[in-house]
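Architecture and fold: a report
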Amino acid sequence: MDQNGSFSAGTADNSSADSEALAGVTVIVCASCRDETGSDAHPRAGELLAEDTRHAAADDNIRVRTVECLGNCKRRLSAAVLRDGCWSYVFGDLTAASGADLVTGAKLFATSTDGLIPWRGRPDSLKRGLVARIPPLDLLKD
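Going by the annotation in an unreviewed UniProt entry, the name recorded for the protein chain is Metal-binding protein, with Rhizobium loti given as the source organism.

**Here's the deal with the nonpolar core**
Most often, soluble globular proteins have nonpolar side chains that are buried together. Core analysis: the biggest nonpolar cluster contains 25 residues, and Val27, Val29, Val81, Phe91, Leu94, Leu102 and Phe109 have the highest contact counts within it. Of all the elements in the fold, those that place two or more residues in this core are β1 (25-30), α2 (45-56), β3 (79-83), β4 (88-91) and α3 (99-110). The biggest single contributor to this core is α3, with five residues. Beyond its immediate sequence surroundings of up to four residues, leucine 94 is in contact with Leu49, Leu77, Ser78, Ala79, Leu102, Ser125 and Leu126.

**Observations regarding unusual backbone geometry**
Cis peptide bonds are those with omega within 30 degrees of zero, and the linkage from histidine 42 to proline 43 qualifies with 0°. Considering the arrangement of structural elements, one finds proline 43 in the loop between β1 and α2. With a phi angle near 55°, arginine 76 is a residue other than glycine that sits in the positive phi range. Looking at the secondary structure, you find arginine 76 in the loop between β2 (63-67) and β3. Under the relative-accessibility criterion, arginine 76 is labelled partly exposed at 33%. Even without a glycine there, the phi angle at aspartate 93 is positive, about 60°. For aspartate 93, the position within the fold is in the loop between β4 and α3. For aspartate 93, a relative accessible area of 44% translates into the label partly exposed.

**Thoughts on the pattern of salt bridges**
Tallied over the entire structure, the rule returns four salt bridges. With a closest N to O distance of 2.8 Å, aspartate 40 and arginine 34 form a salt bridge. Using a relative accessible area of 33% as the deciding quantity, one classes arginine 34 as partly exposed. Two residues, aspartate 60 and lysine 107, come together in a salt bridge whose shortest N-O distance is 3.2 Å. Note that aspartate 60 is positioned in the loop between α2 and β2 and lysine 107 in helix α3, a separation of 47 residues in sequence. Its relative accessible area of 35% is what places lysine 107 among the partly exposed residues. Overlapping salt bridges bring together Arg34, Asp40 and Arg44 as one network.

**Comments concerning the packing of aromatic side chains**
Going through the model one piece at a time under the given rule, you end up with two aromatic pairs. Ring centres 6.0 Å apart and planes at 5° place the aromatic pair tyrosine 89 and phenylalanine 91 in the stacked group. Relative accessible area serves as the criterion here: at 2%, tyrosine 89 is assigned to the buried category. With relative accessibility at 0%, the residue phenylalanine 91 sits in the buried group. Here tyrosine 89 and phenylalanine 109 contribute two aromatic rings whose centre-to-centre distance is 5.5 Å and whose plane-to-plane angle is 90°, an arrangement assigned as edge-to-face. With tyrosine 89 in strand β4 and phenylalanine 109 in helix α3, this pair connects stretches of sequence that are 20 residues apart. On the accessibility criterion, phenylalanine 109 (0% relative accessible area) is buried. An aromatic cluster of at least three residues, connected via ring pairs, comprises Tyr89, Phe91 and Phe109. If you follow arginine 83 out to its NZ or CZ, it ends over the ring of phenylalanine 109, 5.6 Å from the centre. Directly above the ring of tryptophan 87 sits arginine 133, whose terminal nitrogen or CZ lies 4.1 Å from the centroid.

The rules behind each value
- Residues numbered from 1 in each chain as written.
- Predicted model: local features only at pLDDT ≥ 70, side-chain atom pairs only at ≥ 80, totals over all residues.
- Heavy atoms only, no water.
- Core = buried A, V, L, I, M, F, W, Y, C linked by side-chain atoms within 4.5 Å.
- Buried < 20%, exposed > 50% of the residue type's maximum accessible area, 1.4 Å probe, protein only.
- Helix = DSSP H or I, 4+ residues; strand = E, 2+ residues; numbered from the N terminus.
- Contact = heavy atoms within 4.5 Å.
- Salt bridge = Lys/Arg side-chain N within 4 Å of Asp/Glu carboxyl O.
- Phe/Tyr/Trp six-rings, centres within 6.5 Å; stacked < 30°, edge-to-face > 60°.
- Lys NZ or Arg CZ within 6 Å of the ring centre and 35° of its normal.

So, in C-alpha cells, the structure goes:
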C-alpha cells in the first residue's frame, strides 16, 4: 500500500493503538465520478465526495486519497476502502455527502480482527452499495 506497512488488527483499549490501526486504512474516492445527471460540471460529484470524506476524517488518522477512475461508472459515485493484508472493498451508489459513512466503515474495518468490514454497524449506504470485495493476494491459492 505505502510506506506505513502493515499492522496488527488487535483490539487495544488506548487511543494510540486506535490511531495506529486507523493509519492502516485508506479510503480511495473516485474523483472523476459524475452526479446522477451525468454533468461535466466542476467540481465533479466525486471531488465533492472526496472533500466530504476528508472533512469527516479530519480528527482521525485515516488516509483519504483520490483516483481518476474506479471503472464503476454505472453505479456512479464510487469509493474503495483498503487495509494492509486484508480484503479490499469497492462501494458505489454513494452521494457527495457519503463521507461520514465511508469514515464509519473505515473505523469498523480498522478495528476488525478478521480483516473484514463487519456487517453490523456498517452504514446502510455501505450495505446497499457494496460492489466488490477483493481478497488480499496472499490469500489466493494459485
